[in-house]
Amino acid sequence: MTDVQIKNGAPEPRGFTGKLNAMSKPGRWAAITALVALFYLMPLGWFADPPGFYNPLVTFSSDFGTVLFDAAIFVLLAIGLNVVVGFAGLLDLGYFGFFAVGAYAMALLTSPASKLITDYHWLDSPWPWLAALPVAIVITALTGVLLGWPTLRLRGDYLAIVTLGFAEMIRVIAVQSEWVLGGDRGISAIPHPPGEIGGEPIFGFVDPKPYYWLVLTVIIVVVFGVRNLARSRVGRAWVSIREDEDAAELMGVPTFKFKLWAFAIGATIGGLSGALWASKVNFMNSTTFSLENSILVLAAVILGGAGSIPGAILGGFLVAYVPEWLRGLGGFLGLDINTTEYRYLIFGLVLIVMMIFRPQGIWPNRRREAEIKDRQKEVAVGE
Amino acid sequence: MDFSELFRNFPELTTTGLTQGAIYALVALGYTLVYGVLRLINFAHSEVFMVGTFAAMWTWNALGFNQNLSPSGVLISAGVLIAGLLAAVAVSSATAVAVELTAYRPLRKRNAPPLAFLISAIGASFVIMEIIGIATDRAPYGNMPELVSNKPLFTILGAEITPVQIVIVVGALVMLVGLDWFINNTRLGRGVRAVAQDPDSAALMGVNKGRVIGLVFLLGGVMAGVAAVFANLKYGFTKFNLGFLFGLKAFTAAVLGGIGNLRGAVLGGLLLGLVENYASALVGTQFRDLVAFVVLIAVLMFRPTGILGESLGRARA
């Protein structure tokens, strides 16, 4: 932390975060409120398609509301993975596995077509949405603890491989277990969230906007929670583990306990996003949970800046939104750019290039940036 | 649990297990070599293997042989096989060295944290996988001639032995013994062991660390290339994401034997091949891919250093 410049006793504001922090408190709140309001207004007709001129932000080839919903789901996932990778420094390559657990738990509990009801009669009738959501989240958190318990005692790279295998295991089980998860035939008729206005359900089949607003609201709540955690004793423990696990242990930080916490909280957020996603799509099967998605979420966190919440939000948004936007732009210009085909290739390259030239990410966490710069000064012998 | 299945097919399961294990062992050596020297899990190694399978297939096709036209005569078959082998070895080792130069070396220069290496490796792995995936439309590719017969040659204790199995097991053993000899008896091998023991001291004693690291990736690539051809012979097809599961299993093999330990990787590979076959006879073949994963977790929980212990440098200094 040596290169923070001191001028008149206060640190020079650097980057977006620095400038935001340098504002007066009401100014900061006004800025944040305006930004959040903008996000809420984005899918509305007059914003997305203003009469008279064209909005360059809108995706042409796919429904803007759906793209925003997908982006919001990715943002939520990136915030969750950021807790694990960014705060605690644990590389989890199977993060999408938790998304799958959350989605399946939600589907099994709430769908009338769930085999728990039709074949096994464990449940008499589908659970109400609001009752199933917390249960799905708790199940995912428990999965996180179960996976973390044996593996978090190990070194980081073993953890990476084991989590990679975990995601694959969930996928194999999803494909094979015709008897409960439905394999490739999947689970259908997953109900939408409850609520109606004037007799019309708020969350219908056609309009993605309410789902986007729901996830956006969840994101705001989760960001508050995670931000407060990061600034608490738990957050400081995570940073100490990330910087030097042995030193943290020697200073009396119960590292295993806090790593498990990070894992469980990350899993919870992953499960939450899976559950929300499942209740929008109505139907799911095993093909959704490929390894590529885990890597995409990781790319989002790294791109945005591991350890930084605004970075994770930005990264999650970019990873889901830019390919769609480019596809639309290509269609507008008369080119057929299949961005879904190339996006994993491009984000793979992004991971390599970012690690070499900007390991701290686009919107970095100041402390982590300083850690990386410190390390760069000690170059090994013989290179 | 179907024990009768296991006992009835025990000899058969053993021979197929050993064949598969020999391929795992060859790939596992790549993980272990790099880990021994750099203390780094080379995630992209699975793709190094996958690229080799395609290089061999495409070479065979380029020579005019495909699933409808197999070479006739032992000599021509052997010649075509060796041409594919050379291509696979060349492409795999070139890929391995390219990964080292683009994804790892720049990070070492900057003394990046361990996490950065893993992320960069994932990136490299994805780039390679996607390039091949896009080139092949993500479809399985199985247009290969029959180079080694898959018909049973003779029977030992009820197990039918095919020429493919003999070629794979003997070929793998030759490679393993050769690598062991190279590491233990040559000047370059001594350099590898020195860097594995203590990189900084080795560098101070005049070992060119950069070159040793490059060599280690090259050797891993060679082994993966040979493994790729053997996998083609055994399975008859390949796919852009074939490397992922295979890599996970080979890595499990390396950890099972003790990562960083060459002989351990071989032992781990063979054991894993056997365990996988026996277990899938017990619990059903659809869960065969989960066996390796369960073994990995069990080893990491109860004996993280593996059977023979972790270390290329310490084991036979």
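Residues numbered from 1 in each chain as written. Chains lettered and ligands numbered in written order. Predicted model: local features only at pLDDT ≥ 70, side-chain atom pairs only at ≥ 80, totals over all residues. Heavy atoms only, no water.

- Chain B carries the name Branched-chain amino acid ABC transporter permease in an unreviewed UniProt entry, which gives Catellatospora bangladeshensis as its organism.
- What UniProt states about chain B under its Subcellular location (unreviewed entry) heading is, verbatim, "Cell membrane".
- UniProt's Sequence similarities (unreviewed entry) comment on chain B is quoted here verbatim: "Belongs to the binding-protein-dependent transport system permease family. LivHM subfamily." (UniProt positions renumbered as here; feature names shortened; annotations may be inferred.)

- Per an unreviewed UniProt entry, the recorded name for chain A is Branched-chain amino acid ABC transporter permease, and the organism is Catellatospora bangladeshensis.
- Entered under Subcellular location (unreviewed entry) in the UniProt record, the comment concerning chain A runs "Cell membrane".

## Section: the overall build of chain A
Thinking step 1. Scanning chain A from N- to C-terminus turns up 16 helices and four strands.
Thinking step 2. Burial analysis of chain A (383 residues in total) assigns 52% to the buried set.
Thinking step 3. Total accessible area computed for chain A in this model is approximately 17300 Å², and 66% of it derives from carbon and sulfur atoms. (Helix = DSSP H or I, 4+ residues; strand = E, 2+ residues; numbered from the N terminus. Buried < 20%, exposed > 50% of the residue type's maximum accessible area, 1.4 Å probe, protein only. Areas by Shrake-Rupley, 256 points an atom, 1.4 Å probe, with all protein chains shown as cover.)

## Topic: the packing of aromatic side chains
Thinking step 1. Per the stated rule, a full pass over the model turns up 19 aromatic pairs over all chains.
Thinking step 2. When the centroid spacing of 6.0 Å and the interplanar angle of 75° are considered together, the rings of Tyr95 of chain A and Phe98 of chain A count as edge-to-face. Taken together, the residues span about one helical turn, with Tyr95 of chain A and Phe98 of chain A both in helix 5 (residues 95-110) at a distance of three residues. The same class applies to Tyr95 of chain A as to Phe98 of chain A, namely buried.
Thinking step 3. Judged by centre distance (5.6 Å) and plane angle (40°), the ring pair of Tyr104 of chain B and Phe217 of chain B falls under tilted. A residue pair is termed long-range when its members are at least 10 positions apart, and Tyr104 of chain B in helix 4 (residues 74-109) and Phe217 of chain B in helix 9 (residues 209-235) qualify at 113 residues.
Thinking step 4. An aromatic cluster is defined as three or more aromatic residues linked by ring pairs; in this entry it consists of Tyr95, Phe98, Phe166 and Phe263 of chain A.
Thinking step 5. Positioned above the aromatic ring of Phe258 of chain A is the side chain of Lys257 of chain A, whose terminal nitrogen or guanidinium carbon lies 5.3 Å from the ring centre.
Thinking step 6. Taking the ring centre of Phe240 of chain B as reference, the NZ or CZ of Arg138 of chain B above it sits at 5.4 Å. (Phe/Tyr/Trp six-rings, centres within 6.5 Å; stacked < 30°, edge-to-face > 60°. Lys NZ or Arg CZ within 6 Å of the ring centre and 35° of its normal.)

## Structural notes on a nonpolar patch on the surface
All names here are of chain B.
Thinking step 1. Together, Leu153, Phe154, Ile156, Leu157, Ile166, Val170 and Val174 line one region of the surface with nonpolar side chains, adding up to about 680 Å² of accessible area.
Thinking step 2. For the nonpolar patch, the elements supplying multiple residues, two or more each, are strand 1 (154-156) and helix 6 (163-185).
Thinking step 3. The element contributing the most residues to the nonpolar patch is helix 6, with three residues.
Thinking step 4. Relative to the helices and strands, Val170 resides in helix 6.
Thinking step 5. You can call Val170 partly exposed: its relative accessible area is 47%. (Patch = residues over 30% accessible without salt bridge, like charges linked within 9 Å, V, L, I, M, F, W, Y side chains within 5 Å. Salt bridge = Lys/Arg side-chain N within 4 Å of Asp/Glu carboxyl O.)

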